[in-house]
Amino acid sequence: MGKSATGFGDLGALQEADRRHHYHPFTDPKALVSAPPFMVERAEGVFIEGQGLRVLDAMAGLGCVNIGYGRREMADAASEMMRELSFYHCFAGVSNPAAAALSERLAAIAPGDLNRVFFANSGSEANETIIKLVHMYWRRMGQPDRKILISRDFSYHGSTVATSALNGLTAMHEPFGIETKGHVEHVDSPFWYRFGGDMSPEAFGMQAAASIEAKILEIGPDSIAAFIGEPIQATLGAIIPPEGYWPEVERICRKYGILMIADEVVTGFGRTGSWFGQQTFGFQADFMALAKGLSSGYQPIAAVLIKDEIADVLSSKPEVLQHGFTTSAHPVAAAVALKNIEIIEDEGLVTRVADLTGPYLATKLANLLAHPLVGEVRSCGMMAAVELAKNKETREQYPIDYAVCSHVAQAAIGQGLIVRPAGNVLIMCPPLTFRREHIDMLVRGLGVALDQVYAALKEQGLA
Ligand code: PLP
């Protein structure tokens with residue numbers, strides 16, 4: 001194998017080094033024994049390249065590269081700041097110009113009174129920070145028994161201990177012995193296609209929202225601290241809630257005085273055709289978690305936005321906030337995030353998704369509904385899912401161990417295309433810079449991949 005384009009040495013030797021030494025996130029280490037890691041060497045625009053392949057990245061990395069890869073302005077912003085101020089912390093009353101400017105910018109674009117900003121390095125850290133601040137808020141309010149967080153099935157909020165407990169998949173708790181009891185209660189997801197049966201999507205959305213109220217009444221409103229939700233449940237299925245769901249959730253939270261947390265780690269920065277998912281779905285949270293699209297993945301940076309009224313309570317006592325990270329508000333990451341926001345604005349990417357590419361993606365993907373493997377197609381802005389069904393009438397799924405979606409995603413790579421399998425759902429979260437021609441490539445490639453896998457299933461008598 002040839003030399004690595006980035007000058008780290010022979011690619012084959014690097015793959016071997018990776019196999020030996022790199023313990024990968026969300027990877028079965030055994031799978032790397034039989035197949036070496038796919039080495040991504042470079043990326044530009046909406047394409048990634050590695051090992052001689054060039055593929056259209058319909059996942060924007062992990063739903064984060066909103067402005068596309070390899071932008072010179074971003075590299076310049078990073079290198080200028082690195083030369084000027086490579087690092088300084090923001091503890092104990094110190095700040096830096098980029099962090100100050102970014103906090104002001106975020107407050108300006110955020111919905112409602114989300115005007116106070118705490119910086120972290122990842123979505124998990126942002127949500128972890130919110131959990132601590134929620135507990136602190138209720139202690140300050142003289143209601144320390146409000147401890148329980150309500151989360152939903154199929155949610156993903158992070159990988160730290162506390163955020164893992166929020167996740168709506170027991171597979172993320174069990175290996176680590178993570179306890180949810182006394183901390184987190186899970187309620188229904190508004191996953192209409194999977195669980196809605198004969199109900200209309202709207203009626204099912206109301207029923208899913210009602211499961212929150214039922215849980216509140218079951219355990220007692222005075223023991224509940226907050227409800228957390230992703231405007232669209234991203235990682236575990238790109239679950240787009242039915243119309244009316246979010247306003248109803250907000251009504252329920254307000255009725256019982258429960259704080260609302262919007263996890264906008266994926267939905268932030270234009271993905272749904274508005275700056276934030278709350279604007280698309282019509283609700284206003286008390287806390288908002290941001291990461292991914294905040295820097296388009298060019299630097300690790302995340303932010304927590306806090307409503308004024310709550311921030312006032314949190315800062316009402318002369319007491320040091322016993323929380324923070326060495327690299328909170330890192331000047332280089334902050335400068336890069338500012339440049340990223342400037343690019344999204346200057347290029348009108350949010351309205352482009354709302355008016356042009358979002359509707360085009362929806363129309364094109366709808367053609368796949370006729371495919372014998374496809375049960376449902378759903379999309380909102382530049383976020384979409386193709387859900388497979390063994391039986392379209394009954395919505396019966398293929399057994400998970402058939403790994404049908406993984407096979408489709410693999411076949412899609414053969415078509416020069418990256419999509420992400422999650423159970424029986426294929427997820428797409430492309431860069432907001434996707435043009436019509438990229439959407440055409442995506443839908444064409446996915447169609448061929450579906451055909452190939454369907455033919456293989458038929459051959460084995462499984463379809
Ligand atoms: N919240 C949501 C909605 C996410 O999708 C993710 C990651 O995919 C996270 C939080 C965690 O973010 P990170 O991986 O940056 O810790």
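Criteria and thresholds
- As a convention, each chain's residues are numbered from 1 in the sequence order in which they are written.
- Where local features are concerned, this predicted model is filtered to residues with pLDDT of at least 70; where side-chain atom pairs are given and counted, the filter is 80 or more; whole-chain, interface and lining totals use all residues.
- Each side-chain value is worked out from all heavy atoms of the structure, with water and hydrogens disregarded.
- Proximity is defined per residue: any heavy atom of the residue falling within 4 Å of a molecule or strand makes that residue near it.
- Pairing of N or O atoms within 3.5 Å defines a polar contact, subject to two protein rules: one partner must be a possible hydrogen donor and the other a possible acceptor, and residues neighboring in sequence count only if both atoms are side-chain atoms.
- Accessible surface area values rest on a Shrake-Rupley calculation with a 1.4 Å probe, where residue burial reflects the displayed protein chains alone.
- Helix and strand definitions follow DSSP, with helices as H or I runs of at least four residues and strands as E runs of at least two, each counted in order from the N terminus.
- What makes a salt bridge here is a side-chain nitrogen of Lys or Arg within 4 Å of a carboxyl oxygen of Asp or Glu, nothing more.
- Each residue's exposure class comes from its accessible area (1.4 Å probe, protein chains only) as a fraction of the maximum for that residue type: buried when under 20%, exposed when over 50%, partly exposed otherwise.
- Residue ranges labeled as domains rest on an automatic or database domain assignment.
- Two residues qualify as a contact provided that any one of their heavy atoms is within 4.5 Å of a heavy atom in the partner residue.
- Buried area: the sum, over both parts, of the accessible surface (1.4 Å probe) that disappears when the two are put together.
- Note that Gly is not counted as nonpolar here; it falls among the polar residues with everything else outside the nonpolar set of Ala, Val, Leu, Ile, Met, Phe, Trp, Tyr, Cys and Pro and the charged set of Asp, Glu, Lys and Arg.
- The distinction between a cavity and a pocket rests on a 1 Å grid over the protein atoms alone: a 1.4 Å probe fits inside a cavity but cannot get out, while a pocket stays open yet meets protein on both sides within 12 Å along at least five of seven lines, and a residue with an atom within 4 Å of a point counts as lining.
- Grid points are joined across faces, edges and corners, and a volume is the space filled by probe spheres set on the points.

**Structural notes on the site of the ligand**
Next up, step 1: Neighbouring the ligand are 13 residues, the closest being Gly123, Ser124, Asp263, Val266 and Lys292.
Next up, step 2: The backbone of Tyr156 places a nitrogen or oxygen atom 3.4 Å from a nitrogen atom of the ligand.
Next up, step 3: Within the side chain of Thr235, one N or O atom sits 3.2 Å away from an oxygen atom of the ligand.
Next up, step 4: Coverage of the ligand by the protein chains reaches 82% of its 390 Å² of free accessible surface.
Next up, step 5: Counting residues per element, the shell around the ligand draws most heavily on helix H6 (residues 123-140), at 3 residues.

**Overview of the pattern of salt bridges**
Next up, step 1: One pass over the structure, following the stated rule, counts 24 salt bridges.
Next up, step 2: Measuring nitrogen to oxygen at the nearest pair gives 3.3 Å for the salt bridge that ties Glu49 to Arg42.
Next up, step 3: A relative accessible area of 23% places Glu49 in the partly exposed class.
Next up, step 4: Residue class for Arg42 comes out partly exposed when judged on its relative accessible area of 38%.
Next up, step 5: Between Glu185 and Lys215 there is a salt bridge, with its nearest N and O atoms 3.2 Å apart. With Glu185 in strand E6 (residues 184-187) and Lys215 in helix H9 (residues 201-219), this residue pair connects regions lying 30 residues apart in the sequence.
Next up, step 6: Residue classification places Lys215 among the buried positions, given a relative accessible area of 14%.
Next up, step 7: In this structure, a network of salt bridges that share partners links the residues Arg42, Glu44, Glu49 and Arg54.

**A few points about the domain arrangement of the chain**
Next up, step 1: Considered domain by domain, the chain is made up of domain 1 (40-67 + 348-459) and domain 2 (72-346).
Next up, step 2: With centres defined by C-alpha atoms, the gap from domain 1 to domain 2 works out at 26 Å.
Next up, step 3: On the side of domain 2, 35 residues touch domain 1, which itself brings 34 residues to the contact.
Next up, step 4: Between domain 1 and domain 2, roughly 2700 Å² of surface is buried when both sides are summed, and carbon and sulfur atoms account for 59% of that area.
Next up, step 5: Interface area lost by domain 1 to domain 2 is led by Ile67, Met383 and Arg395, which between them contribute 27%.
Next up, step 6: One can count 1 salt bridge joining domain 1 with domain 2.
Next up, step 7: Residue Arg194 is joined to Glu387 by a salt bridge in which the shortest nitrogen-to-oxygen separation is 2.6 Å.
Next up, step 8: At the junction of domain 1 and domain 2, the tally comes to 17 residue pairs in polar contact (both at pLDDT 80 or more).
Next up, step 9: At the level of secondary structure, the elements contributing two or more residues to the side of domain 1 that touches domain 2 comprise helix H3 (60-63), helix H14 (349-366), strand E11 (374-380), strand E12 (383-388), strand E14 (420-422) and strand E15 (425-428).
Next up, step 10: Of the residues forming the side of domain 1 that touches domain 2, the biggest block, 5 residues, is contributed by E11.
Next up, step 11: Class assignment of the residues belonging to the side of domain 1 that touches domain 2 gives a composition of 21 nonpolar, 8 polar and 5 charged.

**With respect to the layout of surface pockets**
Next up, step 1: Roughly 810 Å³ of volume is contained in the second largest pocket.
Next up, step 2: Sorting the residues of the lining of the second largest pocket by element identifies helix H5 (97-109), strand E4 (114-120), H6 and helix H12 (308-314) as the ones contributing at least two each.
Next up, step 3: Counting residues per element, the lining of the second largest pocket draws most heavily on E4, at 4 residues.
Next up, step 4: Grouping the amino acids of the lining of the second largest pocket by side-chain chemistry returns 17 nonpolar, 7 polar and 4 charged.

**Focus: unusual backbone geometry**
With the exception of glycine, most residues fall at negative phi, and the peptide bonds are largely trans.
Next up, step 1: For Lys292, which is not glycine, the phi torsion reads 20° and is therefore positive.
Next up, step 2: The phi angle at Ala329 is positive, at roughly 60°, despite the residue not being glycine.
Next up, step 3: Residue position: Ala329 is located in the loop between H12 and helix H13 (331-346).
Next up, step 4: By relative accessible area, which is 7% here, Ala329 ends up buried.

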